[in-house]
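Breakdown of the fold
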Amino acid sequence: MDSRDTLYVGGEWVTPSTTNTIDVISPFTEEVIATVPEAGEGDVDRAVEAAEAALNGPYPQLSADERAEWLRKLSGGIQARAQEFADTITAEMGSPASWSIMGQVFSATMVLDSFADLLPTFAFEERRAGAFGPVLVRKEPVGVAVGIVPWNVPLFVGMLKLAPALAAGSPIILKPSPETPLDGYLLAEVIDEIGLPKGMVSILPAGREVGEYMVRHRGVSKVSFTGSTAAGRKVGAACGELLKRFTLELGGKSAAIVLDDADLAAQIPMLMPNSLMNNGEACVAQTRILAPRSRYGEVVDAVAAAVEGTTVGDPTDPSTAVGPLVAERQRDRVLGYIEKGKAEGAKLAVGGGRPAGLDKGWFVEPTLFVDVDNKMTIAQEEIFGPVLAVIPYDSDDEAVAIANDSDYGLSGSVWTGDVERGIDVARKVRTGTYGVNAFSTLDLKTPFGGFKSSGMGRELGPEGLSAFLETKSIVLPGDYQPS
Ligand code: NAD
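**Let's talk about the overall build of the protein**
- Along the backbone of the protein there are 15 helices and 22 strands.
- A compact globule built from 483 residues would reach a C-alpha radius of gyration of about 23 Å, and the protein, at 23 Å, matches this within 12%.
- For the protein, with 483 residues in total, the buried portion stands at 58%.
- On the protein, roughly 18800 Å² of surface is accessible, and the fraction owed to carbon and sulfur atoms is 52%.
- The protein carries 42 positive and 65 negative side-chain charges, and their two centres are separated by 6 Å.

Okay, structure coming up:
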């Protein structure tokens, strides 16, 4: 994508309020691939003003079916340019092309389609029998919303916010990360092409300070934040102080429990994409693999073979499974964790450094530690790179206890020959989404979010739509009959 010099504010391409710019750097070539404006506070003010006007305009008054139609139009517009979106995201953050088209793009259009499917049957207004007579319980748009998006799955996470906002009738201002502003420009073009009513969406790429300004803005009623737990705490604190509604989707350190009756030949290959997807830069990544001591050697061998066989390289090459990490600082951070793992006594089984022959690009070898104690830093902290840890356990109860011995609780899975036994384990793990022999733990029609430090609130499904709605009760006269 070419460089740009305008911002998409409330349905118009405008000259930015400052001359600040963002250089987008390819994690593969380490070269600047495009330069775009960095939004400033003046741009946020303009976007909020446009959103407030839209909130009082026709869009929030549309029927649920009409709003569903807009979501489908947007989904169709993105699908028509799907490869361009995928290539752009691969270029800006290094997601392998083999994963981008589905993981980055069609996952996003499926979110739009899921909310479009939900709208016709969602109870926006229902008559209930109250204590003294009939009551009308209404769900109304929450007001102007802000969606703050990380760099790892920018279009998909953007859609986790934009789709329910438009489904609810709430205008939204999206803030892409400075690492990945380019797909946001393509999204703005599609929104422009389909002619979405003005003011409903603004897209303002910017860094943390402008993000903080958005969160605290007087005109903003709701903040939906996805990012690190550290930043999420600050956003939550600001929203608490100002009594703004908020949803936080934060970090994870999820455990995949391999039970002693698992079919390793069939199930380890199903588990691995959950562990290394998107270069390991995934909040739901299953980075702790819990292995029964009775079959410990077999699990280690199967996982080690899979990690060793993972192709690393040019993210645009369709045969690449793991590409470069988003930024030099992220590469250094991941290498720092690997050193810590070694220093704390974990045994390095595969990888552990920069891959041979790839001198340019922010690569880290797919890495496997074995004989890991769950108290070690590499088992407790989110690494956000292709680094896995195998941890032994003696009983199902101990496996559950290890899985739960974490500040996080975002995702997880269990692998077994007995689904009922798997469901029993799933019920005991303190986490927001879970898979039993499932290739993905995230279902686009059901709630997604974290226990503990992995977040607050839920996205997707009716719960995700409710997060962009306020509830109003209208008490009616006792003898009221609808006309
Ligand atoms: P980050 O927290 O540094 O930044 C995320 C976004 O928040 C960026 O747009 C950033 O500019 C903005 N931001 C940072 N501090 C802010 C503040 N105080 N106020 C307002 N905005 C602020 O995270 P990152 O490095 O971009 O993303 C990686 C993190 O995101 C990982 O921890 C990962 O687990 C998490 N993540 C979570 C989910 C989920 O659904 N739970 C999904 C994807 C990523």
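Still more to cover.
**Focus: the pattern of salt bridges**
- All chains considered together, the criterion is met by 27 salt bridges.
- Among the ionic pairs, Arg208 bridges to Glu212, the shortest N-O distance being 3.8 Å. Of the two residues, Arg208 and Glu212 are both situated in helix α7 (residues 208-216); the distance of 4 residues between them amounts to about one turn of the helix.
- Between Lys342 and Glu339 there is a salt bridge, with its nearest N and O atoms 3.2 Å apart. With a gap of 3 residues between them, Lys342 and Glu339 both fall in helix α11 (residues 328-343), about one helical turn apart.

**Overview of the packing of helix α3 (residues 82-93) against helix α4 (residues 97-118)**
- One way to put it is that α3 packs onto α4 with a least axis distance of 9 Å and a crossing angle of 115 degrees. Judged by the inter-axis angle, α3 sits roughly perpendicular to α4. As for the relative orientation of α3 and α4, their crossing is right-handed in sense. When α3 is examined against α4, the residues Ala82, Gln83, Phe85, Ala86, Ile89, Thr90 and Met93 are found in contact with a partner set consisting of Ala97, Ser100, Ile101, Gln104, Val105 and Phe106.
- Here the residues of the contact of α3 with α4 are counted per class, giving 9 nonpolar, 4 polar and no charged.

**Description of the site of the ligand**
- The environment of the ligand is made up of 25 residues, and the closest members are Val149, Ser228, Leu250, Cys283 and Glu382.
- Between an oxygen atom of the ligand and a side-chain N or O atom of Lys175, the distance comes to 2.9 Å.
- Between the ligand and Glu382 there is a distance of 2.6 Å, counted from an oxygen atom to a side-chain nitrogen or oxygen.
- In isolation the ligand exposes 840 Å². Once the protein is present, 90% of that is buried.
- Mapped onto the shell around the ligand, the elements with two or more residues apiece are α7, β10 (222-226) and α8 (229-242).
- Ranked by the residues each element gives to the shell around the ligand, the list is headed by α7, at 3 residues.
- Classifying every residue of the shell around the ligand by side-chain character gives 12 nonpolar, 8 polar and 5 charged.

**Focus on the side chain of Thr310**
- For Thr310, the location among the structural elements is in the loop between α10 (296-308) and α11.
- Apart from the residues lying within four places of it in its own chain, the contact partners of Thr310 are Leu276, Ala321, Val322 and Pro366.

**Some thoughts on the sheet that holds strand β5 (residues 125-129)**
- The strand order across the open sheet built from 3 strands is β5-β6-β22, with neighbouring strands paired in antiparallel fashion. The open sheet has two free edges, formed respectively by β5 and β22 (469-475), since each of these has just one partner strand. Within this sheet the neighbouring strands show an average axis-to-axis angle of 25 degrees, counted without direction.
- Relative to strand β6 (residues 134-141), β5 is paired through 5 bridges, and the arrangement is antiparallel. The residue bridging Ala129 from the neighbouring strand is Pro134, located in β6.

**Examining the packing of helix α5 (residues 154-168) against helix α6 (residues 182-194)**
- Between α5 and α6, the least distance of the axes is 10 Å, while the angle of their chain directions is 45 degrees. Taken as axis vectors, α5 and α6 run oblique relative to one another. The way α5 lies across α6 gives a crossing that is right-handed. On α6, the residues touching Pro154, Leu155, Met159 and Leu162 of α5 are Asp183, Leu187 and Ile191.
- Along the lines of polarity and charge, the residues of the contact of α5 with α6 split into 6 nonpolar, no polar and 1 charged.

Rules and cut-offs
Residues numbered from 1 in each chain as written. Predicted model: local features only at pLDDT ≥ 70, side-chain atom pairs only at ≥ 80, totals over all residues. Heavy atoms only, no water. Helix = DSSP H or I, 4+ residues; strand = E, 2+ residues; numbered from the N terminus. Rg over C-alpha atoms; globule rule 2.2 N^0.38 Å. Buried < 20%, exposed > 50% of the residue type's maximum accessible area, 1.4 Å probe, protein only. Areas by Shrake-Rupley, 256 points an atom, 1.4 Å probe, with all protein chains shown as cover. Lys, Arg positive; Asp, Glu negative; His and termini not counted. Charge placed at Lys NZ, Arg CZ, Asp CG, Glu CD. Salt bridge = Lys/Arg side-chain N within 4 Å of Asp/Glu carboxyl O. Axes fitted to C-alpha atoms, helices over the stretch in contact; angles between N-to-C directions. Parallel < 35°, antiparallel > 145°, perpendicular 65-115°, else oblique. Left-handed = near helix turned anticlockwise from the far one by under 90°. Contact = heavy atoms within 4.5 Å. Nonpolar A, V, L, I, M, F, W, Y, C, P; charged D, E, K, R; others polar. Near = heavy atom within 4 Å. Polar contact = N/O pair within 3.5 Å; in protein donor to acceptor, adjacent residues only side chain to side chain. Pairing = 2+ DSSP bridges.

Purely spatial values, then, with no claim about function.
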